[in-house]
Amino acid sequence: QVQLVESGGGLVQAGDSLRLSCAASGRTFSSYAPGWFRQAPGKDREFVAGTTRSGVNTYYTDSVKGRFTISRDNVKNTVYLQMNSLKPEDTAIYYCAADRTLRSSPSILSSAYDYWGQGTQVTVSS
């Protein structure tokens, strides 16, 4: 059992940066692979970024490659999403999630993740 709490969202202008944090408690976080998803109004939940237990293997959806970076600090039990060059189309509620199944690479499927945070709102104005 892992509890996840997101923070760091807010209202920014296009081109600005934000860093989202996801603090984990409960089971040892290093035993889970974290991912970030987002959901805009009227749209399906979308995979954004994920990493493995080690934090070495990462994967990003095409729309954020080169702009977003996922990282984890297993000492602090925290996963981060650094978002640079934000665009209005990045506006969404961002969720962190944890996958307890051992995999060689992150899963892009929401069904693969066992635990979810409550989400944090990111709004990017033009």
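Bear in mind that the values here come from a model prediction, so they are computed numbers and not experimental data. (Residues numbered from 1 in each chain as written. Predicted model: local features only at pLDDT ≥ 70, side-chain atom pairs only at ≥ 80, totals over all residues. Heavy atoms only, no water.)

Asks: Got a minute to help me understand the pairing of strand E9 (residues 92-99) in this structure?
Replies: A regular strand places its side chains so that they alternate between the two faces of the sheet. In terms of burial, E9 is a largely internal element, seven of the eight residues being buried. Alignment of E9 against strand E11 (residues 120-125), held across three bridges, turns out to be antiparallel. Looking across to E11, one finds that Ile-93 is bridged to Gln-121. Note: E9 against strand E10 (residues 115-116), two bridges, orientation antiparallel. Bridging from a neighbouring strand, Ala-97 pairs with Trp-116 of E10. (Buried < 20%, exposed > 50% of the residue type's maximum accessible area, 1.4 Å probe, protein only. Helix = DSSP H or I, 4+ residues; strand = E, 2+ residues; numbered from the N terminus. Pairing = 2+ DSSP bridges.)

Asks: Any chance you could explain the sheet that holds strand E7 (residues 68-73) here in plain terms?
Replies: Two pairing modes exist for strands in a sheet, parallel and antiparallel, and in both the strands are linked by backbone hydrogen bonds. Taken together, the four strands give an open sheet; going across it, the order is E1-E3-E8-E7, and neighbouring strands pair in antiparallel fashion. A strand with exactly one partner marks an edge of an open sheet, and here the two such strands are strand E1 (2-7) and E7. Geometrically, the sheet is characterised by an average inter-axis angle of 15° between neighbouring strands, direction not taken into account. Sheet topology places E1 next to strand E3 (residues 18-26); six bridges connect them, and they run antiparallel. The partner of Val-5 across the bridge, within E3, is Ala-23. (Axes fitted to C-alpha atoms, helices over the stretch in contact; angles between N-to-C directions.)

Asks: Would you explain the environment of Val-122 in this entry?
Replies: Structurally, Val-122 is set in strand E11. Here Val-122 falls in the buried class, since its relative accessible area comes to 0%. For the pair Val-122 and Arg-38, spaced 84 residues apart in the sequence, the C-alpha separation amounts to 9.4 Å. When near neighbours in sequence (up to four residues on either side) are disregarded, Val-122 contacts Gly-9, Gly-10, Leu-18, Leu-20, Met-83, Asp-90, Thr-91, Ala-92 and Tyr-94. (Contact = heavy atoms within 4.5 Å.)

Asks: Just to check I follow, could you spell out the state of the cysteines for this structure?
Replies: Considering all chains together, one arrives at one disulfide under this definition. A sulfur-sulfur distance of 2.0 Å marks the disulfide that ties Cys-22 to Cys-96. The chirality of the disulfide connecting Cys-22 with Cys-96 is right-handed, given an S-S dihedral of about 55°. A residue pair is termed long-range when its members are at least 10 positions apart, and Cys-22 in strand E3 and Cys-96 in strand E9 qualify at 74 residues. (Disulfide = S-S within 2.5 Å.)

Asks: Even after reading the chapter, I still don't get empty space enclosed by the protein, so can you show me in this structure?
Replies: Regions of empty space are outlined by a rolling probe, equal in size to a water molecule, passed over the atoms. A full pass over the atoms with the stated rule returns one cavity of 30 Å³ or more. One number sums up the size of the largest cavity: a volume of about 70 Å³. Looking at the largest cavity, the residues that line it are Ala-33, Thr-51, Thr-52, Arg-53, Asp-99, Thr-101, Leu-102, Arg-103, Ser-105, Pro-106, Ser-107 and Tyr-113. Of the residues in the lining of the largest cavity, the class split is four nonpolar, five polar and three charged. (1 Å grid on protein atoms, 1.4 Å probe; cavity = no way out; pocket = protein on both sides within 12 Å on 5 of 7 lines; lining within 4 Å. Points joined across faces, edges and corners; volume = space filled by probe spheres on them. Nonpolar A, V, L, I, M, F, W, Y, C, P; charged D, E, K, R; others polar.)

Asks: Would you mind showing me how to read the pattern of salt bridges here?
Replies: As a working rule, side chains carrying opposite charge can pair if their charged atoms are close by. Scanning the entire structure with this criterion turns up six salt bridges. Ionic pairing is found between Arg-67 and Asp-90, a salt bridge with its closest N-O pair at 2.8 Å. Of this pair, Arg-67 sits in the loop between strand E6 (58-60) and E7 while Asp-90 sits in the loop between strand E8 (78-83) and E9, and the two are 23 residues apart along the sequence. Look at Asp-90 and you get buried, because its relative accessible area is 0%. Residue Asp-114 is joined to Arg-100 by a salt bridge in which the shortest nitrogen-to-oxygen separation is 3.5 Å. Residue Asp-114 is found in the loop between E9 and E10, and its partner Arg-100 is found in the loop between E9 and E10; the two are separated by 14 residues along the sequence. Counted as one network, the salt bridges with shared partners bring together Arg-38, Glu-46, Arg-67 and Asp-90. (Salt bridge = Lys/Arg side-chain N within 4 Å of Asp/Glu carboxyl O.)

In short, shape yes, function no, at least from these values alone.
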